[in-house]
Amino acid sequence: MRWQTDPLLVVDHLSMRFGGLVAVNDLSFTVGRGDITALIGPNGAGKTTVFNCITGFYKPTSGRIALAHGGAATAEAVDTLTGSDRRHTHGEKPELFLLERMSDHEIAATARVARTFQNIRLFPGMTVLENLIVAQHKTLMRASKLSMAGLLGLAGYRAAEKKALDLARAWLDVVELTDRADMPAGELPYGAQRRLEIARAMCTNPVLLCLDEPAAGLNNRESAELTRLLRGIRAQTGVSILLIEHDMSVVMDISDHVVVIEYGTKIADDTADAVKNDPKVIAAYLGVEDEEEAEAVAATTEEIKP
């Protein structure tokens, strides 16, 4: 249970309010280093709001979001950083980041958190290969020295360009799109566009990959392929994956750890096997009446008494 012993991401007492609406209510959970963690719940539970807070699209009303590249994001380390009013540790390669203090582009580029969206956001007029090159624009711009080295064709820029192309082609192989590298991304079948979006995120070399409903719109065969792909990416790179997903067959098949929220509040946090049998989770998904939920919880509690 790496989410308990070696957390990469610690979400601590996170709240997000929009006027009088409480979208996320005092939410705490962790993502284990190298784990696949699912954040699930009924429609409107606040899952995408949590993602938007983690990736910097929203600034949370309160709470901490700590990510540790090196050692675990312990409370002691986070408290030390918080007391200094810094966004991350000092040094050439910072190891601890407070994401709630960072902008979205800093979270992506410096903290190395990548995400995909429920609605695919590729560049449809660019080729499949170009979409993966664009993901590496920061590295290429640095190598081009704000375009001058690129215009002059200097050796340093040519080397960086080759490295970017090699990385893009490697990820095309992983998602089985090499034969479509020169096709406009918008002409790909829907399932292939999903895979391309994941490959584009991986071209940024993330330590945390956030996937917002990656199986949405996929048929059973495509969902099974997605599951194999994500397992392979985790095995190949060691990246930690946090996903929102409504396809419970995908969630239960792939997840090391499942966090369930309802109306912005956590109602379960455990392994997939434990969560799928939790009466509160069953009630949240099936719409069981409150009285029946209380009876189910009481019955379960009675069963586990010594």
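None of the values given here were measured: they were computed from a predicted structure.

Here is what the cut-offs are and how they apply
- Residues numbered from 1 in each chain as written.
- Predicted model: local features only at pLDDT ≥ 70, side-chain atom pairs only at ≥ 80, totals over all residues.
- Heavy atoms only, no water.
- Helix = DSSP H or I, 4+ residues; strand = E, 2+ residues; numbered from the N terminus.
- Contact = heavy atoms within 4.5 Å.
- Pairing = 2+ DSSP bridges.
- Phe/Tyr/Trp six-rings, centres within 6.5 Å; stacked < 30°, edge-to-face > 60°.
- Buried < 20%, exposed > 50% of the residue type's maximum accessible area, 1.4 Å probe, protein only.
- Axes fitted to C-alpha atoms, helices over the stretch in contact; angles between N-to-C directions.
- 1 Å grid on protein atoms, 1.4 Å probe; cavity = no way out; pocket = protein on both sides within 12 Å on 5 of 7 lines; lining within 4 Å.
- Points joined across faces, edges and corners; volume = space filled by probe spheres on them.
- Nonpolar A, V, L, I, M, F, W, Y, C, P; charged D, E, K, R; others polar.

Asks: Which parts of the structure should I look at to understand the overall build of the protein chain?
Replies: When its secondary structure is counted, the protein chain shows 14 helices and 10 strands. Sequence separation of 24 or more characterises 68% of the internal contacts of the protein chain that already satisfy a separation of 6 or more.

Asks: Sorry, what's going on with the pairing of strand β4 (residues 62–68) here?
Replies: The side chains of a regular strand alternate, residue by residue, between the two faces of the sheet. Judged from the five bridges that link them, strand β1 (residues 7–18) and β4 form a sheet pairing that is antiparallel. Counterpart to V11 in the pairing with β4 is I65. One ladder, built from three bridges, connects β4 with strand β5 (residues 96–98); its direction is antiparallel. Note that in β5 the partner of L67 across the bridge is F97.

Asks: Could you clarify how one ought to interpret the packing of aromatic side chains in this entry?
Replies: In this description, a pair of aromatic rings is defined by centroid distance and the angle of the planes. One pass over the structure, following the stated rule, counts two aromatic pairs. Residues F18 and Y58 carry aromatic rings whose centres are separated by 5.4 Å and whose planes lie at 75° to one another, so their mutual orientation is edge-to-face. In this pair, F18 sits in strand β1 while Y58 sits in the loop between α2 (47–54) and β4, placing the two residues 40 residues apart along the sequence. For Y58, a relative accessible area of 29% gives the class partly exposed. Taking the centre distance of 5.7 Å and the plane angle of 90° together, the rings of F57 and F117 count as edge-to-face. Placement of the pair is F57 in the loop between α2 and β4 and F117 in the loop between β6 (113–115) and α5 (128–134), with a sequence separation of 60 residues. What makes F117 buried here is its relative accessible area of 16%.

Asks: It is not clear to me how the sheet that holds strand β2 (residues 21–32) should be interpreted in this structure. Could you clarify?
Replies: Paired through their backbone hydrogen bonds, the strands of a sheet run either parallel or antiparallel. Strand order in the open sheet formed by four strands is β2-β1-β4-β5, and the pairing between neighbours is antiparallel. Looking at which strands have only one partner, the edges of the open sheet turn out to be β2 and β5. Averaged over all pairs of adjacent strands, the angle between strand axes in this sheet comes to 15°, irrespective of strand direction. Packed onto the sheet, α2 meets β1, β2 and β4 and runs at close to 115° relative to β1.

Asks: I'm lost on the environment of A216 in this one. Help?
Replies: Checked against the element boundaries, A216 lands in the loop between β7 (208–212) and α10 (220–237). Aside from chain neighbours lying at most four places away, what touches A216 is Y190, R194 and E245.

Asks: Can you walk me through empty space enclosed by the protein in this structure?
Replies: A water-sized probe rolled over the atoms picks out the places where empty space is left. The tally for this structure, following the rule as stated, stands at one cavity of 30 Å³ or more. In this model, the largest cavity occupies a volume close to 60 Å³. Along its surface, the largest cavity is lined by G191, R194, R195, P214, L218, E222, E225 and L226. Contributing elements (two or more residues each) for the lining of the largest cavity: α9 (190–202) and α10.

Asks: Where do I start with the layout of surface pockets in this structure?
Replies: Of the voids in this model, the largest pocket is the one considered here, and its volume is about 1,500 Å³. Sorting the residues of the lining of the largest pocket by element identifies α4 (104–109), β6, α6 (137–144), α8 (155–174) and α9 as the ones contributing at least two each. When the residues that make up the lining of the largest pocket are grouped by side-chain class, the tally is 19 nonpolar, 10 polar and 12 charged. Empty space within the second largest pocket amounts to approximately 190 Å³. Around the second largest pocket sit 14 residues that line it, and N205, P206, V207, T237 and V239 are the ones nearest its centre. For the lining of the second largest pocket, a count of residues per class yields eight nonpolar, five polar and one charged.

Asks: Would you take a moment to explain the sheet that holds strand β3 (residues 36–40) for this structure?
Replies: Read across the sheet, six strands follow the order β6-β7-β8-β3-β9-β10 without closing on themselves; strand pairing throughout is mixed. The open sheet has two edge strands, β6 and β10 (265–270), and neither has a second partner. The mean inter-strand angle of the sheet, taken between neighbouring strand axes irrespective of direction, is 15°. For strand β9 (residues 257–262) and β10, the ladder comprises five bridges, and the chain directions are antiparallel. Following the sheet pairing, V259 is matched in β10 by D269. Helix-sheet contacts for α9 involve β6 and β7, and the interaxial angle to β7 is about 155°.

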